[in-house]
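Residue-level listing of the chains:
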Amino acid sequence: MQRTKLTIVVLTAVLLFSSCMMEKPTVKNYRRVSAMPELTPITVEQLRQLIAADTTHYKVVVLTSPCCGYCVLSMRDVYPRKMAECDTSLVRWYFVVESYSSAQYADELYRTYHIDSPRYWIDDTLPQYQPLMVKNMWTVVWNLLWHYGQSFEGLGWEVADNRLNNIVNAIAPQSQTITSVDGIPTTLLLDPRGRMKCTYTIGEDGTATFGPTDIRDISIPVTELDYSTVDTISFLPKVCTPDGCL
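Thresholds applied
- Throughout, residues of each chain are indexed from 1 in the direction in which the sequence is written.
- In keeping with the model being predicted, local features are shown solely for residues with a pLDDT of at least 70 and side-chain atom pairs are shown and tallied solely at 80 or more, while totals for entire chains, interfaces and linings include all residues.
- Only hydrogens and water are removed before side-chain values are computed, so all heavy atoms of the structure are retained for them.
- Residues belong to a common nonpolar core when they are buried Ala, Val, Leu, Ile, Met, Phe, Trp, Tyr or Cys residues joined through side-chain atoms within 4.5 Å.
- Throughout, exposure labels follow a simple rule: accessible area from a 1.4 Å probe, protein chains only, divided by the maximum for the residue type, with under 20% read as buried, over 50% as exposed, and the rest as partly exposed.
- Here a helix means four or more residues in a row that DSSP labels H or I, a strand means two or more in a row labelled E, and each is numbered from the N terminus.
- Contact definition: two residues touch when any of their heavy atoms are within 4.5 Å.
- Whenever Lys or Arg places a side-chain nitrogen within 4 Å of a carboxyl oxygen from Asp or Glu, that contact is recorded as a salt bridge.

In globular proteins that are soluble, nonpolar side chains generally tend to be buried together. In this structure, Ile 215 and Val 222 are the most contacted members of the largest nonpolar core, which totals 26 residues. For this core, the secondary-structure elements that each account for two or more residues are strand E2 (58-64), strand E3 (91-97) and helix H6 (106-112). Among the elements that make up this core, the one with the highest residue count is E3 (4 residues). Setting aside chain neighbours within four positions, we find Ile 215 in contact with Val 60, Val 78, Tyr 79, Lys 82, Trp 93, Thr 187, Leu 189 and Val 222. By size, the runner-up hydrophobic cluster in this structure holds 24 residues, among which are Tyr 120, Ile 167, Ala 172 and Leu 190.

A word on the pattern of salt bridges. Throughout the structure, instances matching the rule amount to 10 salt bridges. One salt bridge in this structure joins Asp 107 and Arg 119, with 2.5 Å as the shortest N-O distance. With Asp 107 in helix H6 and Arg 119 in strand E4 (residues 119-122), the pair connects residues that are 12 residues apart, well separated along the chain. Pair check on accessibility: Asp 107 and Arg 119 agree, each one buried. Asp 231 is the partner of Lys 197 in a salt bridge, and the nearest nitrogen-oxygen pair spans 3.3 Å. Note that Lys 197 is positioned in the loop between strand E5 (186-190) and strand E6 (198-202) and Asp 231 in strand E8 (residues 230-234), a separation of 34 residues in sequence. A residue is classified by how much of its surface remains accessible, and Lys 197, at 2% relative accessible area, is buried. Asp 231 sits in the partly exposed class, given a relative accessible area of 34%. One salt-bridge network, in which partners are shared between bridges, spans Asp 107, Arg 111 and Arg 119.

So, in structure tokens, the structure goes:
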């Protein structure tokens, strides 16, 4: 039993220290990122105003992180292809690192995949946008090792609930509250009038969520989408009979 517990602790420590090489939610790293000239800090309200002020272009806002595998794959395989589909005079792209904790690696990622659009990172102290921040990485490691399984709040850290949903709802307010954003990458597709393309997603259990349309799910250029309608994606199993499948 003791050996099993020790093995779990050692494996956990290895995983934590390997992840510490990438994600650094510390005061020291915040100061490092703040001093980087390659990235522009922006509050959620400033980002909303920036997007709302542009009434002549389609906008693609990418909430991303250089330490997210799907984000990196999208940088490599999706965004360059989608950019090439449209006239750059019609569409503006905004790449926004959602947290300071990994922003220091963003410039290298953008250069690797030739992403030349404006680059930002969210720097907002309002409670609803509060990211995880602790004094140093030893605090992160210590708390997670000895209080494994507790929430961030249980560990004594202040971090916003539903942070990404709060950010998206603030950037592009909808008549229906967005609740489906639980990770990154997240793309917001907006037309010149500021209307955001949204999708209802119905899961296999019949649960429906409402959120921004993922650019990975569209097969046409963003300039050809119908922004006045809400699409539906269903993962419900089809019922087939001799007359066909429903």
